[in-house]
Amino acid sequence: MSTPRVGLRCDASPRRGVGHLVRCLALAEEFLARGAHVTVFGAVERLDWATAELAARGIPLHPGPDSPAELVEAARRHHLDVMVLDSYELDPAGAGALRAAGVYTLAIIDGDSRGQVADLYLDQNFGADLPGPGSAAELTGPGAGAALTGPGARGELPGRLLAGSGYALLRDAVVTARPPVAPPATAVSRPRVLAFFGGTDAVGAAPVLTRVLVATGHPMDLTVIVGRPETEAEVEDVTPGRGQIIRPVPPTTSLPTLITEADLVVSAAGTSTWELCCLGAPAALVCVVDNQRESYARVVRHGLAAGLGELPELTAGGVAGRAARATAARTLHGLLSSPQRRATLAARGWSTIDGQGRSRVVDALFDAVHAAALPG
């Protein structure tokens, strides 16, 4: 390929969230840096900042396609050499249809291939390359070909699997903000806390965790990213305690800077987890949707972040809900009052995610495409 032509198929909206788009954007930046022509396909609804991010990079956005036939037609119309599929909603047959049409296909998955028949698979979740419940594969090293195992498995994958956080897809803004060393322990009387829950907080976690943070009773300067007006109103209704300041702000392209300036970050256990680790941010995570559960458990078990539990537990009524919120508040108080605990989390995360994952993915993809093009 003299000038590779790459398409990325993903969707983003207040309901779906923006995780798929953000990791596709990271890949797009790497493809552009390699001289490829990049096009994004899909619906980006009511997210002006997201469409602005694409426009700033000169990446055209086209609607759909949805069905396998439409994917093939779009690939032919745009003369694509490669198509990246990152969706839980598309017909799984789309990957096989693209392959049959001669388009090299990368499927980004989170443990479950959904039966897609792709040339290359990527599961960037921490521990996906380790054996055990919920892992994507049993590998001997990063990028080895493997069978998909564990819950949601669909048998042996026909293509190569890139598994583990060594392939985490991170945007330029994150990689360039990565500190040269893990942040040291720093004692502060009123820690700066940042709370955000994906690009849109589709499940309304911000007000819940704001109340849990306030319940710690610890002084703090709390900035909360609010993705929707109704969420902002709920956060504004929370009454801070003594020595506590609550500042709701809209989604911002300056998020990596806010992360590096924070003494503690409270976030969802989604794709932003890898950004927090790469930036050396001491983090406490909450599992907000079912498909985060396995990755959340592994990250907390290996000490890359503190665990606050699952959102349904924190929002439950009665004794169980009060107990879950009290446990989360104790965890947060321990972090807010201990610079060493925060520094330990930061160091583990920083040393685990080096920011070079997207380069490894594109290296593997282009090597495979070039090999497939060789005679014989």
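Thresholds applied
- Residues numbered from 1 in each chain as written.
- Predicted model: local features only at pLDDT ≥ 70, side-chain atom pairs only at ≥ 80, totals over all residues.
- Heavy atoms only, no water.
- Helix = DSSP H or I, 4+ residues; strand = E, 2+ residues; numbered from the N terminus.
- Rg over C-alpha atoms; globule rule 2.2 N^0.38 Å.
- Contact = heavy atoms within 4.5 Å.
- Areas by Shrake-Rupley, 256 points an atom, 1.4 Å probe, with all protein chains shown as cover.
- Polar contact = N/O pair within 3.5 Å; in protein donor to acceptor, adjacent residues only side chain to side chain.
- Patch = residues over 30% accessible without salt bridge, like charges linked within 9 Å, V, L, I, M, F, W, Y side chains within 5 Å.
- Salt bridge = Lys/Arg side-chain N within 4 Å of Asp/Glu carboxyl O.
- Lys, Arg positive; Asp, Glu negative; His and termini not counted.
- Charge placed at Lys NZ, Arg CZ, Asp CG, Glu CD.
- Buried < 20%, exposed > 50% of the residue type's maximum accessible area, 1.4 Å probe, protein only.
- Pairing = 2+ DSSP bridges.
- Axes fitted to C-alpha atoms, helices over the stretch in contact; angles between N-to-C directions.
- Parallel < 35°, antiparallel > 145°, perpendicular 65-115°, else oblique.
- Left-handed = near helix turned anticlockwise from the far one by under 90°.
- pLDDT = per-residue confidence, 0-100.
- Phe/Tyr/Trp six-rings, centres within 6.5 Å; stacked < 30°, edge-to-face > 60°.
- Right-handed = clockwise from strand over helix to strand, strands pointing away.

1. Some thoughts on the overall build of the chain
For step 1, the next point in the chain: Helix and strand counts for the chain come out as 14 helices and 13 strands.
For step 2, the next point in the chain: Whereas a compact globule of 376 residues would reach a radius of gyration of roughly 21 Å, the chain reaches 21 Å, a difference of no more than 12%.
For step 3, the next point in the chain: Excluding contacts between residues fewer than 6 apart, the proportion of contacts in the chain whose partners are at least 24 apart in sequence is 67%.
For step 4, the next point in the chain: Within the structure as shown, the chain displays about 15,300 Å² of accessible surface, and the carbon and sulfur contribution to it stands at 53%.

2. Brief notes about the side chain of His-20
For step 1, the next point in the chain: Here His-20 is to be found in helix α1 (residues 19–33).
For step 2, the next point in the chain: A polar contact of 3.5 Å, which involves the side chain of His-20, links it to the side chain of Arg-23.

3. Some remarks on a negative patch on the surface
For step 1, the next point in the chain: Negative charge collects at one region of the surface, where Glu-232, Glu-234, Glu-236 and Asp-237 lie side by side.
For step 2, the next point in the chain: Taking the relative accessible area as the measure of exposure, Glu-236 reaches 51% and is therefore exposed.

4. Remarks on the sheet that holds strand β8 (residues 192–196)
For step 1, the next point in the chain: Read across the sheet, six strands follow the order β10-β9-β8-β11-β12-β13 without closing on themselves; strand pairing throughout is parallel. The open sheet terminates on both sides in strands that have one partner only, identified here as β10 (244–249) and β13 (306–310). Shown here is a sheet whose adjacent strand axes are inclined to one another by a mean of 15 degrees, direction ignored.

5. As for the packing of helix α6 (residues 205–215) against helix α7 (residues 229–236)
For step 1, the next point in the chain: Put simply, α6 and α7 touch, their axes get as near as 8 Å, and they point 15 degrees apart. Judged on the interaxial angle alone, α7 and α6 are roughly parallel. When you trace α6 past α7, the crossing you get is right-handed. On the side of α6, the interface is formed by Ala-206, Pro-207 and Thr-210, while α7 contributes Thr-231, Glu-234 and Val-235.

6. As for the confidence of the model for the chain
For step 1, the next point in the chain: In the predicted model, the chain carries a mean pLDDT of 90, and the fraction of residues at 70 or more is 93%.
For step 2, the next point in the chain: Contacts of residues 133–155 to residues separated by more than four positions or lying in other chains number 58 contacts, the stretch itself having pLDDT below 50.

7. What about the packing of aromatic side chains?
For step 1, the next point in the chain: Taken as a whole, this structure holds one aromatic pair when the rule is applied.
For step 2, the next point in the chain: Here Phe-31 and Phe-366 contribute two aromatic rings whose centre-to-centre distance is 5.8 Å and whose plane-to-plane angle is 50 degrees, an arrangement assigned as tilted. Taken as a pair, Phe-31 in helix α1 and Phe-366 in helix α14 (residues 357–373) lie far apart in primary sequence, 335 residues in all.
For step 3, the next point in the chain: Owing to a relative accessible area of 0%, Phe-31 belongs among the buried residues under this scheme.

8. Concerning the pairing of β8
For step 1, the next point in the chain: In terms of burial, β8 is largely enclosed, as four of its five residues are buried.
For step 2, the next point in the chain: Across four bridges, β8 lies against strand β9 (residues 220–225) in parallel orientation. From the neighbouring strand, Val-193 faces β9, where its bridge partner is Leu-222.
For step 3, the next point in the chain: Once the chain exits β8 it traverses α6 before rejoining the sheet at β9, and the crossover so formed is right-handed.
For step 4, the next point in the chain: As defined by bridge partners, β8 adjoins strand β11 (residues 264–268) across four bridges and the pair is classed as parallel. Paired with Ala-195 across the two strands is Val-266, which belongs to β11.

9. Section: the sheet that holds strand β1 (residues 5–9)
For step 1, the next point in the chain: Strand order in the open sheet formed by seven strands is β3-β2-β1-β4-β5-β6-β7, with parallel pairing between adjacent strands. Only two strands of the sheet have a single partner each, and these edge strands are β3 (61–62) and β7 (160–163).
For step 2, the next point in the chain: In this sheet, β7 lies alongside strand β6 (residues 120–123) in parallel orientation, the contact comprising four bridges. Note that in β7 the partner of Tyr-121 across the bridge is Leu-161.
For step 3, the next point in the chain: The sheet strands contacting α1 are β1, β2 (37–41), β4 (82–85) and β5 (104–108), and the helix crosses β1 at an angle near 175 degrees.
For step 4, the next point in the chain: Helix-sheet contacts for α14 involve β4, β5, β6 and β7, and the interaxial angle to β5 is about 150 degrees.

10. Let's talk about unusual backbone geometry
For step 1, the next point in the chain: Omega for the bond connecting Gly-64 with Pro-65 falls within 30 degrees of zero, at -10 degrees, which places this linkage in the cis form.
For step 2, the next point in the chain: Structurally, Pro-65 can be placed in the loop between β3 and α3 (68–77).
For step 3, the next point in the chain: The phi dihedral of His-79 falls on the positive side, at around 55 degrees, and the residue is not glycine.
For step 4, the next point in the chain: Looking at where His-79 falls in the secondary structure, it is placed in the loop between α3 and β4.
For step 5, the next point in the chain: With relative accessibility at 57%, the residue His-79 sits in the exposed group.
For step 6, the next point in the chain: Even without glycine at this site, Arg-114 takes up a positive phi of about 60 degrees.
For step 7, the next point in the chain: Along the polypeptide, Arg-114 turns up in the loop between β5 and β6.

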